[in-house]
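# An overview of the molecular structure
Here is how the chains run, residue by residue.
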Amino acid sequence: MLRCLRVLPARVTRNFSRWCSNYVARMRFINRLKEDEGACLTALESGDVFLYHTLAPLLRKTQQGVFQLPLLPFKDLEGILNRLGKDGSMVKDSVLITCTEQNRALFCLDVGELDQQAVEKECGGNFVDLRKAFFTLRGEEAPLVARGQALLRWHQGNGFCSASGKPTTRNQAGSQRVCHSNGLVYYPKMSPVIITLVSDGKRCLLARQASFPRGMFSALAGFCDMGETLEETLRREVAEEVGLEVVSVRYSGSQHWPFPQSSFMVACHATVSPGNTQVDVDHEELEEARWFTLEEIRAALKLRTPPRNPRDQPPTIWVPPSYAIAHKLIREWVDDQEHPYDGK
Ligand SMILES: NC(=O)C1=CN([C@@H]2O[C@H](COP(=O)(O)OP(=O)(O)OC[C@H]3O[C@@H](n4cnc5c(N)ncnc54)[C@H](O)[C@@H]3O)[C@@H](O)[C@H]2O)C=CC1
Ligand SMILES: [Mg+2]
């Protein structure tokens, strides 16, 4: 980032430092809310809450036909709960998600114990499956619903201490749970996953699991084993799933992936040597894996995803849509092929 800043005009760097100091203040504020019960409650009372019903987020369709995540001010939500015959103090069960750039704390709450249709009517929206919400929402809202569901799911599944069997209690922010009988503290869990696009210099390797939608191919992925480095996971997964030995690894980026549960996806490019490209697929894990040329990948990237006509014969090859980190890896690979790094 600093290297980029050197070549930016002064106006841009001034704006960046203003944004940066606001960012630092926000991050410190969020951190304080996790530690300070009173401050967190005050932030909730002046903040906004978005809703889930049995882990399905509430969305609202605007007159322009765009789906949005409705944010309900604390007082409004208290009123809605009272009208539905519930004690409004239930809002205090909300879990802290983030703080907006306008410095409003943002929380989420699962109202699964209320009648779904009654809440929908009161709030003017619909509870939809997370997968649909994640694929429909725009910009920043998709990661927010994913994060909210992951935290709520974690709370719902960690109400008891696995050592004592006694109930655990959460802090106001919902960033941890404690067993008071033995002092054990539990934090939300994610499973680290490596996802990698393997290249032989001219082609890239994509695979499909039997559970993927018809025609969809993606990068190779696998969960980290206990004690492994990411590089070790990557080399092992590629060896296990397609029988190839990786010779180099380059980090690309990361993404929280909410399906089927919370995974922390770390995306990397990998290469095998051009003399070692014979694919040997583990059919327990993958239905198919094969090398694709640049032309085939360009054609797949041009398709609308998922395609309108998935029953076509023969099936069209398509790749995950733009919000999936696999898509970013594939686009980067195409860029690298079209504009190879010359080392300068
Ligand atoms: N965005 C994308 O394009 C893709 C995303 N993925 C995601 O990557 C993740 C891992 O991919 P897979 O190929 O399924 O992994 P994988 O190749 O490690 O195989 C899955 C198996 O690993 C075992 N396993 C080990 N640790 C596990 C854990 N913490 N949770 C669940 N199973 C565990 C289970 O036996 C499971 O059947 C999944 O969350 C999947 O949704 C996978 C492929 C493409
Ligand atoms: Mg796998």
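Bear in mind that the values here come from a model prediction, so they are computed numbers and not experimental data. (Residues numbered from 1 in each chain as written. Chains lettered and ligands numbered in written order. Predicted model: local features only at pLDDT ≥ 70, side-chain atom pairs only at ≥ 80, totals over all residues. Heavy atoms only, no water.)

### Re the overall build of the chain
Inclusion rule: In this text, helices come from DSSP runs of H or I with a minimum length of four residues, and strands from runs of E with a minimum of two, each type numbered from the N-terminal end. Whether a residue is buried, partly exposed or exposed follows from its accessible area with a 1.4 Å probe, protein chains only, as a fraction of its type maximum: under 20%, in between, or over 50%, in that order. Working definition of accessibility: Shrake-Rupley area with a 1.4 Å probe, residue cover restricted to the visible protein chains. Note on charges: Lys and Arg go in the positive column, Asp and Glu in the negative column, and His and the chain ends are not counted at all. A single reference atom marks each charge: NZ on Lys, CZ on Arg, CG on Asp, CD on Glu.
Looking only at helices and strands, one finds ten helices and 16 strands in the chain. For the C-alpha atoms alone, the extent of the chain along its principal axes is close to 65 × 55 × 50 Å. Out of the 344 residues belonging to the chain, those deemed buried represent 42%. For the chain, the exposed surface amounts to about 19,300 Å²; the carbon and sulfur share of it is 52%. Treating the 42 positive side-chain charges of the chain as one cloud and the 41 negative ones as another, the clouds have centres 7 Å apart.

### With respect to the domain arrangement of the chain
The condition that has to hold: Where each domain starts and ends comes from a domain assignment, either automatic or drawn from a database. Contact definition: two residues touch when any of their heavy atoms are within 4.5 Å. Reported buried area values correspond to the accessible surface (1.4 Å probe) lost by two parts on association, with both partners' losses combined. Salt bridges, as used here, are contacts in which a Lys or Arg side-chain nitrogen is within 4 Å of a carboxyl oxygen on Asp or Glu. In protein, a polar contact means a hydrogen-donor-capable atom and an acceptor-capable atom, both N or O and within 3.5 Å, with residues adjacent in sequence counting only if both atoms are side-chain atoms; elsewhere, any N or O pair within 3.5 Å suffices.
Domain annotation of the chain identifies domain 1 (36-157) and domain 2 (191-338). On a C-alpha basis, the centroid separation for the pair domain 1 and domain 2 is 34 Å. Taken together, the contact pairs eight residues of domain 1 with eight residues of domain 2. Together, the buried faces of domain 1 and domain 2 total about 740 Å²; carbon and sulfur atoms form 70% of this surface. The largest share of the area that domain 1 buries against domain 2 comes from Phe134, Phe135 and Arg153, three residues that together contribute 54% of it. Seen at the junction of domain 1 and domain 2, the total is zero salt bridges. Across the contact surface, domain 1 and domain 2 share zero residue pairs in polar contact (both at pLDDT 80 or more). Listing elements by their share of the side of domain 1 that touches domain 2, those giving two or more residues are α6 (130-136) and α7 (141-157).

### Considering the packing of helix α9 (residues 294-302) against helix α10 (residues 325-338)
Test applied: The axes are straight lines fitted to the C-alpha atoms, using for helices just the contacting stretch, and the angles between their N-to-C directions are given from 0 to 180°. Geometric relationships in this document are graded by angle, where less than 35 degrees denotes roughly parallel, more than 145 denotes roughly antiparallel, 65 to 115 denotes roughly perpendicular, and other angles denote oblique. Each crossing gets its handedness from the near helix: less than a right angle anticlockwise from the far helix is left-handed, clockwise is right-handed. For this classification, the nonpolar set comprises Ala, Val, Leu, Ile, Met, Phe, Trp, Tyr, Cys and Pro, the charged set comprises Asp, Glu, Lys and Arg, and every other residue, Gly included, is treated as polar.
For the pair α9 and α10, the least separation of the axes is 11 Å and the interaxial angle reads 135°. The angle between α9 and α10 places the two elements in the oblique class. Both α9 and α10 take part in a crossing whose hand is left-handed. Between α9 and α10, the contacting residues are Leu294, Ile297, Arg298 and Leu301 on the first element and His327, Ile330, Arg331, Trp333, Val334, Gln337 and Glu338 on the second. For the contact of α9 with α10, the class distribution of residues is six nonpolar, two polar and three charged.

### Focus on the site of ligand 1
Selection criterion: Note on definitions. A residue lies near a molecule or strand when any single heavy atom of the residue is within 4 Å of it. Definitions used throughout: a 1 Å grid over protein atoms alone; a cavity as a set of points that fits a 1.4 Å probe which cannot get out; a pocket as an open set with protein on both sides within 12 Å along at least five of seven lines; a lining residue as one with an atom within 4 Å of a point. In this description, a molecule resides in a pocket or cavity if more than half of its atoms sit within 2 Å of the grid points defining it.
Around ligand 1, 19 residues are found, and the nearest of them are Gln209, Ser218, Ala221, Phe223 and Glu241. Residue Glu237 places a side-chain N or O atom 3.4 Å away from an oxygen atom belonging to ligand 1. Alone, ligand 1 offers 840 Å² of accessible surface; in the complex the protein occludes 64% of this. Among the detected pockets, ligand 1 sits in the second largest pocket.

### Notes on the state of the cysteines
As a reminder of what qualifies: The disulfide definition used here is simple: a pair of cysteine sulfur atoms within 2.5 Å.
Summed over the entire model, instances satisfying the criterion amount to zero disulfides. Cys40 supplies the cysteine sulfur nearest to Cys108, a cysteine that is in no disulfide, at a spacing of 12 Å. For Cys108, a relative accessible area of 0% translates into the label buried.

### Quick notes on the layout of surface pockets
For clarity, the threshold we go by: Grid points are joined across faces, edges and corners, and a volume is the space filled by probe spheres set on the points.
For the largest pocket, the calculated volume is near 1,400 Å³. Contributing to the lining of the largest pocket are 45 residues, with Ile97, Pro143, Leu144, Arg147 and His256 lying nearest its centre. Within the residue set of the lining of the largest pocket, elements represented by two or more residues are α2 (10-35), β5 (95-99), α6, α7 and β14 (248-257). Broken down by element, the residue count for the lining of the largest pocket peaks at ten residues, all from α7. Each of domain 1 (36-157) and domain 2 (191-338) accounts for three or more of the residues forming the lining of the largest pocket. In this structure, the second largest pocket spans a volume of roughly 870 Å³. For the second largest pocket, the lining is made up of 35 residues, of which Gln209, Phe212, Met216, Trp257 and Phe259 are closest to its centre. Elements supplying a minimum of two residues to the lining of the second largest pocket: α6, β11 (191-199), β13 (220-223), α8 (230-242), β14, β15 (263-271) and α10. The dominant element in the lining of the second largest pocket, judged by the number of residues it contributes, is β13, at four residues.

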